[in-house]
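Residue strings, one per chain:
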Amino acid sequence: MEELDGEPTITLIPGMNSKKKQMCFDWGPGEMLVCETTFDKKEKSETVPNCPYIHIVRKDVDVYSQILRKLFNESHGIFVGLQRIEEELTGKSRKAQLVRVSKNYRSVIRACMEEMHQVAIAAKDPASGHRYSSQVSILSAMELIWNLCEILFIEVAPAGPLLLHLLDWVRLHVCEVDTLSADVLGSENPSKHESFWNLVTILVLQGRLDEARQMLSKEADANPPSAGMCRILGELMRTMPVLSPGNTQTLTELELKWQHWCEECERHLQDGTFAANPHLECLCKIMLGDEATLLEQKELLSNWYHFLVTRLLYSHPTVKPIDLHFYAQSSLDMFLGGESSSEPLDNILMAAFEFDIHQVIKECSIALSNWWFVAHLTDLLDHCKLLQSHNLYFGSNMREFLLLEYASGLFAHHSLWQLAVDYFDYCPELGRVSLELHIERIPLNTEQKALKVLRICEQRQMTEQVRSICKILAMKAVRNNRLGSALSWSVRAKDAAFATLVSDRFLKDYCERGCFSDLDLIDNLGPAMMLSDRLTFLGKYREFHRLYGEKRFGDAASLLLSLMTSQIAPRSFWMTLLTDALPLLEQKQVIFSAEQTYELMRCLEDLTSGKLECAEFDAHRLQDDDIETTKVEMLRLALARNLARAIVREGSLEGS
């Protein structure tokens, strides 16, 4: 059994009262429809005519945020690029590429966060301002978590460099010091500024000792009695052993130097070197890693993970990754001191320090409002070969499950659905099935959008979906009486039944108007005319008209006769074909041979005898059909005349 994460969040729908009326609902891929119903199991209630509202409850509302849409668009390109990283790349080159990808993701988050911050400042409505500020906090937390995961799981920094990465992590995310520094240094006398010592203390807490020394030099210039103490403390800061990126010294050498440096700091403290200045004495205690002094700076540290990194910097500079969780847990307990419980962000960071990737992903899935973060982070960690052993019990691995959830949310948006297609493409197990299910639900509002969907389906050989989309568009075209477009879509769908229907409409339109519409389309059907007999007839009948127009009467006559004798022409259209034969029968030159004339006469007799049989059942409809009778008489006369001329002509040819 899966452990429960707690009670699900209750979503209140304005205007609905579930205590008075029962609710009915229907799930969709990205949303749910909810409405009230009068259904009652216990009592029979009178049916009162009403029109309840139908509410749409969406699970991924973030896709409708204009700023977050930039996050989705930008990260899509990074995601696709990551999937194309060559598998042959191994070792340092592969690791460097993955770190670069991670930094790209973080830069997109930060850019989005900065834009959201500007919008929050400019918001005129307090409620909107609060909503944007809340979103800024979420984005900030996302980058904080991602950065830590990058350090621990992707960089995989060893002891020594690990602390340097953690210091950069804290400096990047606790950035109030830069604003404070600008404020203090911008004053006339920085050392007399009310926040001067707070600034120096924060710089020391963040390990920015070069900047702290510069601030102390300003204090020494402004206050000569404390100049000696400032110089000594500044020298201690300068000589503090630090493992720089280009340094080749071993951890053992660093620890020895560290011990000597700590002993020197302790000696100055014991000798009372800084006793005359409590601020300098406090700084020296911080540099010795005194936990009581550090906890006194809670307001300046602002959070427990800043406290953790400062504590490691001045007490355990060569901390190993495996020991991080111990220091993290103790720092959290010491910082909170039982005064408050941990927040979701604390739990996520703690899981990261414990190197529990799956717990990080689980906690983020619960805490964050959309699937973007967990989907992309999990995908990146999967490329780092860190999730290979973790399969879910319902047929998919964690990476694919989260990508499918994220892509499903994108499909609910009118334009972001195009991004979702690539996410489905890179889910080898269930991606294609999910894409087929979702793409059928896209509303084809315009032909341009339909062509995009169609191109996507054709590129992936999704035959059924291509046929379905073409049929939908063909139906729309028929309703709008755009027969050319309808025929084009039915041919593209390879739908013989619908092509027959549209062909019948073309023939009916011809009978009413006496001419064809969309001649270019019919003239260029090519092999497509073989899709159905009726479409073949339409194409060949149009060819007959073209031959007649070019005065190729012999070819036209042969084609017309073949259309009738091959039974390809609908019987209801025979009279039209025979009527078309009249001008050819009346030509000065004999067009139809005696044998061809006999065939035409047989067709006419078949047609009239069939109508006489129908007349027994529907005599009233045909009794006054003078026009039809006149046509038949004219045809018989023309055929008889042509037969006589053909016999004479053929006899003359034989005699000669």
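Residues numbered from 1 in each chain as written. Predicted model: local features only at pLDDT ≥ 70, side-chain atom pairs only at ≥ 80, totals over all residues. Heavy atoms only, no water.

Of all hydrophobic cores here, the largest spans 189 residues; its most connected members are Trp169, Leu233, Trp304, Phe353, Trp372 and Phe373. When residues in this core are grouped by element, the largest group, 12 residues, is from helix α3 (residues 126-155). Among residues more than four places away in sequence, those in contact with phenylalanine 353 are Leu148, Leu152, Leu166, Trp169, Trp304, Leu308, Leu324, His325 and Ala328. (Core = buried A, V, L, I, M, F, W, Y, C linked by side-chain atoms within 4.5 Å. Buried < 20%, exposed > 50% of the residue type's maximum accessible area, 1.4 Å probe, protein only. Helix = DSSP H or I, 4+ residues; strand = E, 2+ residues; numbered from the N terminus. Contact = heavy atoms within 4.5 Å.)

By the definition in use, this model includes 20 aromatic pairs. The interplanar angle of 75 degrees and the centroid separation of 6.0 Å between the aromatic rings of phenylalanine 79 and tyrosine 426 together place this pair among those described as edge-to-face. Remark: tyrosine 426 occurs in the loop between α19 (417-425) and α20 (431-439) and phenylalanine 79 occurs in helix α1 (residues 66-83); sequence separation between them is 347 residues. For phenylalanine 79, a relative accessible area of 0% corresponds to the buried category. Each ring, one from tryptophan 169 and one from tyrosine 305, has its centre 5.3 Å from the other, and the planes form 40 degrees; the classification is tilted. With tryptophan 169 in helix α4 (residues 161-173) and tyrosine 305 in helix α13 (residues 304-315), this residue pair connects regions lying 136 residues apart in the sequence. (Phe/Tyr/Trp six-rings, centres within 6.5 Å; stacked < 30°, edge-to-face > 60°.)

A word on the packing of α4 against α13. In contact at an axis separation of 10 Å, α4 and α13 are set at 145 degrees when each is read in the N-to-C sense. Along this stretch, α4 crosses α13, giving a crossing that reads as left-handed. On α13, the residues touching Leu163, Leu166, Leu167, Trp169 and Val170 of α4 are Tyr305, His306, Val309, Leu312 and Leu313. In terms of residue class, the contact of α4 with α13 is built from 9 nonpolar, 1 polar and no charged. (Axes fitted to C-alpha atoms, helices over the stretch in contact; angles between N-to-C directions. Left-handed = near helix turned anticlockwise from the far one by under 90°. Nonpolar A, V, L, I, M, F, W, Y, C, P; charged D, E, K, R; others polar.)

In this section: the side chain of glutamate 155. Counting through the fold element by element, glutamate 155 comes out in helix α3. Within the buried set, glutamate 155 has no salt-bridge partner at all; the shortest N-O distance to an opposite charge, 4.4 Å, is to lysine 103. Setting aside residues up to four positions removed in sequence, glutamate 155 forms contacts with Lys95, Val99, Lys103, Glu150 and His165. (Lys, Arg positive; Asp, Glu negative; His and termini not counted. Salt bridge = Lys/Arg side-chain N within 4 Å of Asp/Glu carboxyl O.)

As for its placement among the helices and strands, cysteine 284 is situated in helix α10 (residues 278-287). We classify cysteine 284 as buried; its relative accessible area is 0%. C-alpha of cysteine 284 to C-alpha of valine 204: the two residues are 80 residues apart in sequence and 9.6 Å apart in space.

Below, the discussion takes up α20. Listed as buried for α20 are Gly431, Ser434, Leu435, His438 and Ile439. Take α20 and look down its axis: the buried residues cluster within an arc of 120 degrees, on one side only. (Arc of directions from axis to C-beta.)

Bringing unusual backbone geometry into the picture now. With a phi angle near 50 degrees, valine 156 is a residue other than glycine that sits in the positive phi range. If you trace the backbone, valine 156 turns up in the loop between α3 and α4. The exposure class assigned to valine 156 is exposed, which follows from its relative accessible area of 52%. For lysine 385, which is not a glycine, the phi torsion comes out positive at approximately 65 degrees. Positionally, lysine 385 belongs in the loop between α17 (372-383) and α18 (398-410).

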